[in-house]
Structures are given as C-alpha cells and as structure tokens.
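# Overview (structure and organization)
Next come the chains, spelled out residue by residue.
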Amino acid sequence: MSDLVTPISLRKTSLNTVHRSHKAKMVDFGGWDMPVQYSGLIDEHMAVRERVGVFDVSHMGDIQLRGPNSLAAVQKLLMNDASKLQVGQAHYSAMLYENGTFVDDVVLHKLGENDYLIVINAGTREKDVQWVRKVLGGMSGVHVTDVSDYYTQLAIQGPKAKATLQKLTGVDLAPIKNYWFTWGTVCGCHNTLIARTGYTGEDGFEIYVPSDEPTSSRVWAEVLAAGEEFGILPCGLGARNTLRLESAMALYGHEISDSINVFEANLGRYCKLDKGVDFVGRAALQAVQDAGGPERKLVGLEMIERGIGRDGYPVLALNGERIGEVTSGSPGPFIKKNIALAYVPVAYAALDTEVAVEVRGQPVKAKVVPTPFYKRPKKTQNVAELHVVVS
Amino acid sequence: MAYPEKYMYTKEHEWLLVDGENGTVGITDYAQSSLGDIVFVELPKVGQQIEAGSTFGSVESVKAVSDLYAPVTGVVTEINESLNAKPETINEAANDTWIIKVTLTNTDEVNGLLSAADYEKFVSEETGH
C-alpha cells in the first residue's frame, strides 16, 4: 500500500488519493504529484478527440484582482486588451518581463465589473504571484488574492463534454460560447464557475468546485458516472500534453519562457501594443516590431523520415548546420504523424521548408507544416435531429 | 508470473533466453509498463557486433525514449522486423516478443545476469513497492 502515499516534498491536489487508488501512474510535474496516465496515453488521447475525457487540473493557479482599479491593473500586467472583455468572457493573454519575454501565459476571466480572475500555470505559481504583487506594488484600488487553493479545477473535454456536463447541472450549456463562462449549480455545488475553455483543441468545459477532498472526489466520481454512457476516460497529463501539441498550444518552459518573446512565439495576435496602456514589456516588443520582426520563429515540423523529434533535440539545415531546437516533440496519436514545435531562423520558417531534426546523432528529415497540426471538425448538424424535421 | 524463470535479466530491464550459444533478447513487462504505449523500435543490423552493457537500439513510447542495452557480448543474427509495423506488440506481450537474436561470444557472461527472483526483487526495490 506504500504507493498510496505521496512523497512529502511534492504538492498534491485534493484528488491525489483518488488518482492513486485508481492506479494512475504518478509523476512529479513542476513540484506536483500528478497522474501522467490512467489506462494509457493513446486511449486517453483518443477518448478526448472522439468522445470525452476528464482531467484534474487543480494544480493550475488562480489570482483574483478586485477593486476600482482592477482593470487598470490587469491592463498594465497583461499584454491582451482586457477593456474588450465583457462580464462572463475570458481570453488568452500573458504576463511579460520588461524585455518582452514571458513570465507566464494566462487565461483572464472578467468575473464582474472590477473583478478579474487570472488562471496561471502550476510550475510558475509562486513566481507569478510575486510578479503580480511587484508590478502592482503601490497601486491603490486593487486587491490581489491568491485563490489557487480554493478550487478543484476539472477539465471535461471532447465532443461529448457538453452532453456529459449537462447531466450534472441545470444551467443550459448550449448558449455558452467558446471562451465564455457562467455560474451555476454543478453536482450540488452552488455558484460553480463553468467555463467553455480547455487545453486540448476540443470543445470542452472547465469547472471550479470547492477544493475540500469529499466534494472534489464526489464531483470527480459524478463526472465519470455521467460520462460513462459516452465512453469517458479519466486522463493524465501525458494525454493533455499530446492533445495540446497536436493543437499547437504553447506550454510554459517549452514554447514560451523568459528567453522567448511574444513575436517569436507567434502570439502577436494576443498582444495589443496599441491598447493605450503601457503594459510591462510593451516598449521592448514595439522595438522588435519596428526592427522588422523577430529573427527566429516558432514553426510546426512534421517528420518526413522515420524518427521522432523530442524536446531539446537540435534542428539542422540540410547542410548539417545547427539552426534551432525542438521545444516539444512527440507522436501525434490522433493525426498519426510525428510532430514537433521548434524555433528556427525566419529564413527557414516558410511552409514546406525541409530541415532535419538530429535524433540521437542522426539527422532525420522534417518539413515545416501549418499549425495547428490538428483542427477539430466544424460542428455539423445532428443527423438524428435532421430526421425528425424531415419526417 | 510477470518474469518467466527461463529468462535471465539485466538491471536495464532486458530479458535474455539462452540456448547454448544462441541468445534471444526482449524487454521486461516492467519496462513496457513504465514506458507506456510503444510507438517505435530502433533495431540494429544483422551482423552487428554488440557488447554487454552497451546500447544496441532504442524503444520509444509516446512520452519517452529508452535505450536498449545488450545483456551479453555477441553478434546479431536476427532482428524482429515485425516491430517496425507493430511496435505495440511489446506492450501486449513483452515476455513473448523478442527484439533481437544473438550468437554469444562468451557464454560465461550469462552468470553475471539476474535470475527472475533477483530481478523481481530489484524492481520492487527500485520502485519502492
């Protein structure tokens, strides 16, 4: 039974005992004892693409900013334009250093007028909270609270995510648009934040329920029971990583870090230099733009020859010259291709450019392909409903 | 029985079946389970010289790459080419899925390998349960 015990040095979510008792394979992820897989990474990945999967993402952090100056605070702290958000809406954004590189990428939620929730990464929690306090230090009219430990955050993802969650709440989920959220009773928990967000490239929801162990494990079990008829699987961080990689979503410490700027990472569309607030990192990014853009860029690679490019493997020009590095690489279980994200000089960033990835000393050919590698199919009309109308 | 008694084992999680000077090599059930879904096996060439304790290929799962270590010194006589198309066979039946066959140079080397019971003990010590 010793595998039910977490090493003391690692932090755990309220579902740790549930994961361990269900024989999930556990790993140290950024100081957290987290499930990397349950039944198998590929099965879990396919469940999310074709049916539905549920992830414990309670290790993610949450910072709440409240008060009459909270919008001003958010605008100074984050690169996207929060003045465009309506109550109940969220968007992707990032906290930057003065030089335009990343403190972290975040999802900002506008909970109410003068009330914002920033969802941050697990591995950067303390750093992020300190950074927020430092940037906003001395600003009046804004109250910063680290609410990370208040919530158990579950991600229910896949084409059957809505049908699964709908069984557990009276809130009509259909009208909630992508990157919008609402509140409602879920599994008997009142005022639960229900957001149509995720990190898999599928339709799905993230719910924030009270983090006490009894509630957390009850909600986890109810989600699994509700999804049973759709073939739901509990999923680990392994599938979460391959799902986000197929969808070409950035992961902190890989595609984004304190040595990579916004334009290099192709995230300029979320960076509003002209929003009218001199946010941290703006001047440096303006200078990059004025100088004609970045010298290197993040590209998607598909391996042409046999071999798998992995995180940290060198990228070579066809003449053997080292030109860059893979930031994330793996087989794509759904698209059934070996894919990678990598930084290369802009001269090598055009689509169809052939390069090589050095796989344990051997150059293996790859080419630059469009990202995301996987895009979910456009919603088609339900055939059953169509029949009803016709007959 | 997760670890058949007819095999000898390495601390790098290969199994070896010895018949005279002929050896057959695979990876253990513990190895496949730790790796998860295997998607790629890098095989040596027939005729290649391998040396006990050195790498002769690799096994890749979705998440990780793991080198294959030669349990003994010898020459590769056969490679399991069906693994190119169906590497997941190792997950399905690690004990029954061979990777290479070798002619042993020095059969005494086998004495330095672990028995099934010793390997099982080694694994339980390594994983702490």
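Small disclaimer: the values here were computed from a predicted structure and weren't measured. Residue numbers restart at each chain and count upward from 1, following the sequence in its written direction. Chain letters and ligand numbers both follow the written order, the letters beginning at A and the numbers at 1. Selection of residues for local features in this predicted model requires a pLDDT of at least 70, selection of side-chain atom pairs for listing and counting requires 80 or more, and totals for whole chains, interfaces and linings are taken over all residues. Note: side-chain values were computed over all heavy atoms of the structure, leaving out hydrogens and water.

### Some thoughts on the confidence of the model for chain B
pLDDT is defined as a per-residue confidence score from the predictor, taking values between 0 and 100. A residue-level look at chain B finds 98% of positions with pLDDT of 70 or above and a mean pLDDT of 95. What the predictor reports for the complex is a pTM of 0.92 with an ipTM of 0.85.

### Brief notes about the interface of chain B and chain A
By definition in these notes, contact holds between two residues if any of their heavy atoms fall within 4.5 Å. Facing 20 residues of chain B, the contacting portion of chain A comprises 19 residues. Summed over both partners, buried area is the accessible surface (1.4 Å probe) that two parts give up on being assembled. Both sides together, the interface formed by chain B and chain A hides about 1400 Å², and carbon and sulfur atoms give 51% of it. A per-residue breakdown of the area chain B buries against chain A is headed by Phe40(B), Val62(B) and Lys63(B), which together make up 40% of the total. Basic side-chain nitrogens of Lys or Arg form a salt bridge, by our definition, when they fall within 4 Å of a carboxyl oxygen of Asp or Glu. Summed over the shared surface of chain B and chain A, the number is 3 salt bridges. Among the ionic pairs, Arg360(A) bridges to Glu42(B), the shortest N-O distance being 3.2 Å. Any pair of nitrogen or oxygen atoms within 3.5 Å is treated as a polar contact; in protein, a donor-acceptor pairing is required on top of that, and neighbouring residues in sequence qualify only through side-chain atoms on both sides. Where chain B meets chain A, there are 12 residue pairs in polar contact (both at pLDDT 80 or more). Secondary structure elements follow DSSP: runs of H or I of four or more residues count as helices, runs of E of two or more count as strands, with numbering from the N terminus. If you list the elements that add at least two residues to the side of chain B that touches chain A, you get α1 (29-35), β4 (38-42), β6 (55-61) and β7 (65-69) of chain B. With 4 residues, the top contributor of residues to the side of chain B that touches chain A is β4(B). As a working rule, the residues Ala, Val, Leu, Ile, Met, Phe, Trp, Tyr, Cys and Pro are called nonpolar, Asp, Glu, Lys and Arg charged, and the rest polar, with Gly in that last group. Counted by class, the side of chain B that touches chain A contains 7 nonpolar, 8 polar and 5 charged residues.

### A word on the side chain of Thr24(B)
Counting through the fold element by element, Thr24(B) comes out in strand β3 (residues 22-27). When sequence neighbours within four positions are dropped, the list of residues in contact with Thr24(B) reads Trp15(B), Leu16(B), Leu17(B), Trp98(B), Ile100(B) and Lys101(B).

### Focus: the packing of aromatic side chains
Each aromatic ring pair is described using two quantities: the centre-to-centre distance and the angle formed by the ring planes. Within 6.5 Å between ring centres, the rings of Phe, Tyr and Trp (the latter by its six-membered ring) count as paired, and their orientation is classed by plane angle as stacked under 30 degrees, edge-to-face over 60, tilted in between. What the rule picks out here adds up to 13 aromatic pairs over all chains. Ring plane angle 80° and centroid distance 6.1 Å describe the contact between Tyr3(B) and Tyr9(B), whose orientation is recorded as edge-to-face. Assigned by exposure class, Tyr3(B) and Tyr9(B) land together as buried. Summarising the aromatic geometry, the rings of Tyr3(B) and Tyr119(B) are spaced 4.9 Å apart at their centres and angled 85° between planes, so their arrangement reads as edge-to-face. In this pair, Tyr3(B) is assigned in the segment before β1 (8-9) and Tyr119(B) in helix α4 (residues 116-127), connecting sequence segments 116 residues apart. Put simply, a charge is over a ring when the Lys NZ or the Arg CZ is close to the ring centre, within 6 Å, and near the line of the ring normal, within 35 degrees. It is Arg49(A) that lies over the ring of Tyr374(A); its NZ or CZ is 3.8 Å from the centre. Geometry around Trp98(B) places Lys101(B) over its ring, the cationic atom sitting 4.7 Å from the centre. Remark: exposure states derive from per-residue accessible area (1.4 Å probe, protein chains only) relative to the maximum for the residue type, with buried under 20%, exposed over 50%, and partly exposed in between.

### So, helix α3 (residues 70-77) of chain A
Among all positions of α3(A), only Ser70(A), Ala73(A), Val74(A), Gln75(A) and Leu77(A) are buried. In this structure, the buried side of α3(A) is in contact with β4 (61-66), β5 (90-96), β6 (102-112), β7 (115-120) and α4 (125-135) of chain A.

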